[in-house]
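Chain by chain, the residues:
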Amino acid sequence: SLSQLSIACPTSGIVTAGATWLGFGYTPSEPATTTYANASSLAPFDALNGTWQEGGGALAYINGMHLQIACALDEFPVCGSEDLLDVKRGKRNSTGNFSAYVPDLTLRAKFYAETESSLTFTLTDAASKSFQFHLPRIKYTGAKKPKAAGGTKTIGNYPFQVLYSSTFGYDLACIVSA
């Protein structure tokens with residue numbers, strides 16, 4: 001079972017992901033000496049080929065984003081066995097933050113007014129394969145005063161909490177298209 005997942009979309013470079021898996025009753029079917037085929041020659045995802053929407057509108061000035069998903073799995077180990085007795089699922093906690101150039105104070109105003117919003121981002125590779133992450137209900141948990149990043153550009157950081165949407169029936173969806 002997936003225990004944790006983190007995704008980072010930097011301004012330049014490839015999108016990176018890290019995952020923590022929790023095994024239950026798993027016995028490897030292949031010996032450790034097994035060889036595998038060469039890695040794929042497909043291009044990796046990068047944030048330059050991504051699109052972001054916040055509150056249903058385009059967010060064309062994003063500077064980077066991180067998304068963390070913690071699945072809250074509880075393990076039940078027992079003495080005398082390498083296997084777990086059970087794994088119970090808890091409440092998933094998804095958080096994230098993005099930095100963006102600040103053309104106005106709209107995003108900060110959402111934080112101060114405790115206005116809920118939504119976030120959708122799509123990562124597309126050179127072969128037009130894509131991953132779309134839809135977070136239909138988020139709430140900003142902070143909005144520090146934007147700082148000048150040199151010259152006249154101002155960058156703000158916007159941490160958020162992902163919330164369950166009863167309208168959609170989920171808190172986060174990942175849609176894969178090939």
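Look up a bit, the structure's there.
Residues numbered from 1 in each chain as written. Predicted model: local features only at pLDDT ≥ 70, side-chain atom pairs only at ≥ 80, totals over all residues. Heavy atoms only, no water.

**Some thoughts on the pattern of salt bridges**
Where we set the bar: Between Lys or Arg on one side and Asp or Glu on the other, a salt bridge is scored when a side-chain nitrogen of the former is within 4 Å of a carboxyl oxygen of the latter. The way it works is that DSSP assigns letters per residue, a run of H or I at least four long becomes a helix, a run of E at least two long becomes a strand, and they are numbered from the N terminus.
Taken as a whole, this structure holds four salt bridges when the rule is applied. Two residues, R137 and E116, come together in a salt bridge whose shortest N-O distance is 2.7 Å. With a gap of 21 residues between them, R137 in strand 10 (residues 130–140) and E116 in strand 9 (residues 116–124) connect regions that are remote in the sequence.

**Topic: the pairing of strand 10**
Here is the rule we go by: Any two strands are treated as partners once DSSP identifies two or more bridges connecting them.
Both strand 9 and strand 10 contribute to a ladder of eight bridges, which runs antiparallel. Of the residues in strand 10, the one forming a bridge with T122 is Q132. As judged from the five bridges shared by strand 10 and strand 13 (residues 173–177), these two strands associate in the antiparallel manner. Along strand 13, the bridge assignment pairs S130 with S177. Of the pairings in the sheet, the one linking strand 10 to strand 12 (residues 154–162) comprises three bridges and is antiparallel in character. Considered in strand 12, the bridge of Y140 is made with F160.

**Some thoughts on the pairing of strand 8 (residues 93–101)**
The pairing of strand 5 (residues 62–70) with strand 8 spans eight bridges and is classified as antiparallel. Counted as the bridge partner of L67 is G96 from strand 8. When strand 8 meets strand 12, the two strands line up antiparallel, connected through seven bridges. When the bridges of strand 12 are listed, A100 appears paired with G156.

**Section: the packing of aromatic side chains**
Rule in force here: Aromatic rings from Phe, Tyr and Trp, taking only the six-membered ring of Trp, are treated as a pair when their centres fall within 6.5 Å; an angle between ring planes under 30 degrees marks them as stacked, one over 60 as edge-to-face, and anything in between as tilted. Under the scheme applied here, a residue whose accessible area is under 20% of the maximum for its type counts as buried, over 50% as exposed, and between as partly exposed, the area being computed with a 1.4 Å probe on protein chains only.
Evaluated as defined, the whole model comprises nine aromatic pairs. On the numbers, 6.3 Å between centres and 70° between planes, the contact of Y140 with Y158 is edge-to-face. In this pair, Y140 is assigned in strand 10 and Y158 in strand 12, connecting sequence segments 18 residues apart. Accessibility assignment for this pair places Y140 and Y158 in one class, buried. Each member of the aromatic cluster is reached from another via a ring pair, and the members are F98, Y140, Y158 and F160.

**Considering unusual backbone geometry**
One non-glycine residue, E114, lies in the positive phi region at around 55°. Position of E114 relative to the elements: it lies in the loop between helix 1 (106–112) and strand 9. Under the relative-accessibility criterion, E114 is labelled exposed at 56%. Its identity as a non-glycine residue notwithstanding, S128 has a phi of 65°, on the positive side.

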